[in-house]
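# Examination of the molecular architecture
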Amino acid sequence: MADNTSRDLSSQLEAIIATINDGIITIDAKGVICTFNPAAERMFGYAAVEVVGRNIGTLTPEADHSHRDEYLPRDLSSSEREMIEAGREVEGVRKDGSRFPLDLAVSEMEVGGERMFTVVVRDLTARKLAERQKTAMLAQLNALKRALDEHSIVAITDVRGKITYANDKFCAVSKYSRSELLGQDHRILSSGHHSKEFIRSLWTTIARGATWRGELKNRAKDGSFYWVETTIVPLAGPDGKPVQYVAIRTEITERKAADDAAEDLRGILENASDFIIFADRNKIIRYCNRVEPPHTPEQVVGSNWLEYFTPEQRPELGRIFDSVVDSGQPANCEASVPEPDGTSRSYACHLGRIIRDPASPGVVIIARDVTDTRRTEAQLIQSERMASVGILAAGVAHEINNPLAAVIANLDLASREVSELTKRFALSSDLGDELRDARDCAERIRVIVRDLRIFSRSEQDARGPVDTKRVLESMLRMVWNEVRHRARLVEQYGEVPPVEANEARLGQIFLNLITNAAQAIPEGRADQNEIRISTRLGEVGFVIIEIADTGAGMSPEVQRQIFTPFFTTKAAGVGTGLGLAICLRLVEEMGGRLEVESELGKGTRFRLHARAARSEEEPVIPEMVSARGERRGAILVIDDEPVIGKAIRRSLCAEHEVSATNSARKALERIKAGERFDAILCDLMMPDLTGMDLHAELSKCAPEQAERMIFMTGGAFTTDAQEFLDRVPNLRFDKPFDRRQLLALINERIR
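Throughout what follows, the structure given in this document is the object of discussion.

### Quick notes on the packing of aromatic side chains
Applying the stated criterion across every chain, the model contains eight aromatic pairs. Between the aromatic rings of tryptophan 203 and tyrosine 245, the centroid separation amounts to 5.9 Å while the plane-to-plane angle is 85°, which identifies the pairing as edge-to-face. A residue pair is termed long-range when its members are at least 10 positions apart, and tryptophan 203 in helix 7 (residues 196–207) and tyrosine 245 in strand 10 (residues 242–251) qualify at 42 residues. By relative accessible area, tyrosine 245 is classed as buried at 5%. On the numbers, 5.8 Å between centres and 35° between planes, the contact of tryptophan 305 with phenylalanine 321 is tilted. A residue pair is termed long-range when its members are at least 10 positions apart, and tryptophan 305 in the loop between helix 9 (297–300) and helix 10 (314–327) and phenylalanine 321 in helix 10 qualify at 16 residues. Its relative accessible area of 4% is what places tryptophan 305 among the buried residues. Since its relative accessible area comes to 0%, phenylalanine 321 is described here as buried. By the ring-pair criterion, three or more aromatic residues cluster together here, those being Phe36, Phe44 and Phe100. Geometry around phenylalanine 170 places arginine 249 over its ring, the cationic atom sitting 5.9 Å from the centre. Here arginine 290 stacks its cationic end above the ring of phenylalanine 275, 4.1 Å away from the centre of that ring.

In structure tokens:
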């Protein structure tokens, strides 16, 4: 029974020794290995049969018996049968020679009267590795913490949001001490910038265990504001619910300021009226602040800057671009960009070098649309030319009218005398015919000069009754060369009253409309086209003037834009696009309206509704020759051109006593001396003393003589002269004059 029990215990002990993970080695007092369990075999790499009977020194760093004490108790004289050493760390050597750390425990026992020792070893390799990894990890964590503390603002809060940790960076940026921060929540840093919904969304996110990322604007202790880029990470407890929140922040105040500045700059660029383009040294566009239809940003960016200009411009523009890149000196140029509708727009460009990469400089191009400016300049130049023509016309009219008045007056006298002589002496009528031909030619000159005078008065705004037929005929004579090669002219003038207008302005309107009608018809087909001009009564108080052509006509789209300033369908350089816009403005200013009807390919009709003049307006000069005067009157003629005075004297001397002088000052002296006249014919514009000045002087010393003044004008008007004529009630007539009308005027005046 006892033997069986002993065997059972022995079997159990052997099973434990065979399965235990610790190495168990038994040695005798001399250090000879007696047993070597499987765990020891796995640990040292030896089979038991290889080491049993060998000295324990085989398993030590040097395979000799001098090191067996490494595995034996330090005091073998102990007689206690118990653990004599435990927890000592030694080094073992595997069969392959590799060394590894061991934890050693030695106990003594007596077997058969002999001292035996049990050596229990445990491989410390894994533990040592874990310890080294832990040490390395702690070192890394410390380094990471130092780096994080240097760069980032770190705070830890509990679930209620109370700050439990604040690093030095947090204190430095917020300007609060650590003691002032701990125990507070982040409302201490609130700037008031963020809405309640924003803050509520932040807390909702982290409360459910999700990480929140965003930008926050905080306020420091001193009241200054700063921005932080923030990541808040919830740390969960065993139940998965957050127990702490770690907030890692990076100050981005300067970056936000830069972003804001960049956003402001972007807004400025996108809303700038100029085009701002960046192109690399190969002229490829890398940025454009805005584009105009039909182009899109995707089309423009990546394209070559030069491709937007005509082939003729590209070589010079390319040379300017390359010069800016190579020299760094800015340059200015102007170029035109073709439009899809066949027109073009002009751009003033400033080019400057910009360096993003020293190895690859580029060019910034600031392009300003100067199309309207150039058109305005062209119109101003044209206006200045027209003003110059007006000034020239006024001067020419004055200089021609004075001698022409004498020529016509003398021709009339000569014709009358020749007619009387022919009747009296039965002479040939050839001389009379020659004089009449000369008189007709002089009349033609008078009409031409009168037409020029329309432009000479273009700066005046005075309105009065204007004969539309006369103005139309004047304008037709001016543009006849433009019309006659393109169309036959059809004139249909109805019986209409004068219109209330400024003659020069009305002439400008007619000239524009007739010219447009002619230019809508190609040259060389005059027999197939016509320009029809007609006048008729319109609604009550209005006269209708129509100018129609059989030209190209207009589409509805073009009709909607024809009165828009600078809109033109003509080729570049042919028109400014201001003519019809000016016409519309002038028509509206005189209380009328301008309508257009057109059909593509069938022609255009402009219809002008002009206000009829008031019926109470009286003509300045009587149209009919009155009867002979009831008495011979005393007439004084004042004109700085002596030939005018002589011509008038000859015309009137048969019925009146006429004296003439070329000095208004001498005339004034005569009147002051007591002479009196029934009529004083006085030139308006004279050197030394003008007709206006003489009227002013006579109004003081002889007002009844001032009332008898009749002013003669040769076509040269100043603003003062026009205002004077509008102000005084005196009669006036234009030179050159018709003798019969002049005589009728005098007879009417002195009746």
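### Regarding the packing of helix 18 (residues 664–672) against helix 19 (residues 691–701)
The interhelical angle for the contact between helix 18 and helix 19, taken along N-to-C directions, is 10°, at an axis separation of 11 Å. In terms of axis orientation, helix 18 runs roughly parallel to helix 19. Residues Ala664, Leu668, Ile671 and Lys672 of helix 18 form the contact with helix 19, whose participating residues are Leu694, Glu697, Leu698 and Cys701. Along the lines of polarity and charge, the residues of the contact of helix 18 with helix 19 split into six nonpolar, no polar and two charged.

### So, the pattern of salt bridges
Taken as a whole and assessed by the stated rule, the structure comprises 41 salt bridges. Between glutamate 131 and arginine 127 there is a salt bridge whose closest N-O contact spans 3.7 Å. In this pair, glutamate 131 and arginine 127 are both assigned in helix 4 (residues 125–151), four residues apart and thus about one turn of the helix distant. Note on glutamate 131: relative accessible area 38%, which makes it partly exposed. For arginine 127, a relative accessible area of 44% corresponds to the partly exposed category. Here lysine 175 makes a salt bridge to aspartate 222, at a shortest N to O gap of 4.0 Å. Highlighted residues: lysine 175 in the loop between helix 5 (168–174) and helix 6 (178–181) and aspartate 222 in the loop between strand 8 (212–219) and strand 9 (225–236), separated in sequence by 47 residues.

### Observations regarding the nonpolar core
Membership of the largest hydrophobic core comes to 39 residues, with the highest contact counts inside it found for Ile509, Phe510, Ile514, Ile531, Leu594 and Leu608. At the level of secondary structure, the elements contributing two or more residues to this core comprise helix 13 (468–484), strand 18 (499–501), helix 14 (503–519), strand 19 (530–537), strand 20 (542–549), helix 16 (579–589), strand 21 (593–599) and strand 22 (603–611). Broken down by element, the residue count for this core peaks at eight residues, all from helix 14. Counting residues in each nonpolar core, the second largest holds 25 residues, with Ala279, Val325, Tyr347 and Cys349 among its members.

### Focus: the sheet that holds strand 7 (residues 163–166)
Across the sheet, five strands lie side by side as 7-6-10-9-8; this open sheet has antiparallel pairing. In the strand order of this sheet, the two ends are held by strand 7 and strand 8, each with one partner. For this sheet, the mean angle separating the axes of adjacent strands, direction not counted, is 30°. Taken together, the eight bridges between strand 8 and strand 9 define a ladder with antiparallel strand orientation. Residue pairing in the sheet places leucine 216 in a bridge with valine 228 of strand 9. Sheet contacts for helix 7: strand 8, strand 9 and strand 10; angle to strand 8, the most-contacted strand, approximately 135°. Lying on the sheet, helix 8 (residues 253–271) is in contact with strand 8, strand 9 and strand 10; it crosses strand 9 at an angle near 120°.

Thresholds, definitions, all that
- Residues numbered from 1 in each chain as written.
- Predicted model: local features only at pLDDT ≥ 70, side-chain atom pairs only at ≥ 80, totals over all residues.
- Heavy atoms only, no water.
- Phe/Tyr/Trp six-rings, centres within 6.5 Å; stacked < 30°, edge-to-face > 60°.
- Helix = DSSP H or I, 4+ residues; strand = E, 2+ residues; numbered from the N terminus.
- Buried < 20%, exposed > 50% of the residue type's maximum accessible area, 1.4 Å probe, protein only.
- Lys NZ or Arg CZ within 6 Å of the ring centre and 35° of its normal.
- Axes fitted to C-alpha atoms, helices over the stretch in contact; angles between N-to-C directions.
- Parallel < 35°, antiparallel > 145°, perpendicular 65-115°, else oblique.
- Contact = heavy atoms within 4.5 Å.
- Nonpolar A, V, L, I, M, F, W, Y, C, P; charged D, E, K, R; others polar.
- Salt bridge = Lys/Arg side-chain N within 4 Å of Asp/Glu carboxyl O.
- Core = buried A, V, L, I, M, F, W, Y, C linked by side-chain atoms within 4.5 Å.
- Pairing = 2+ DSSP bridges.

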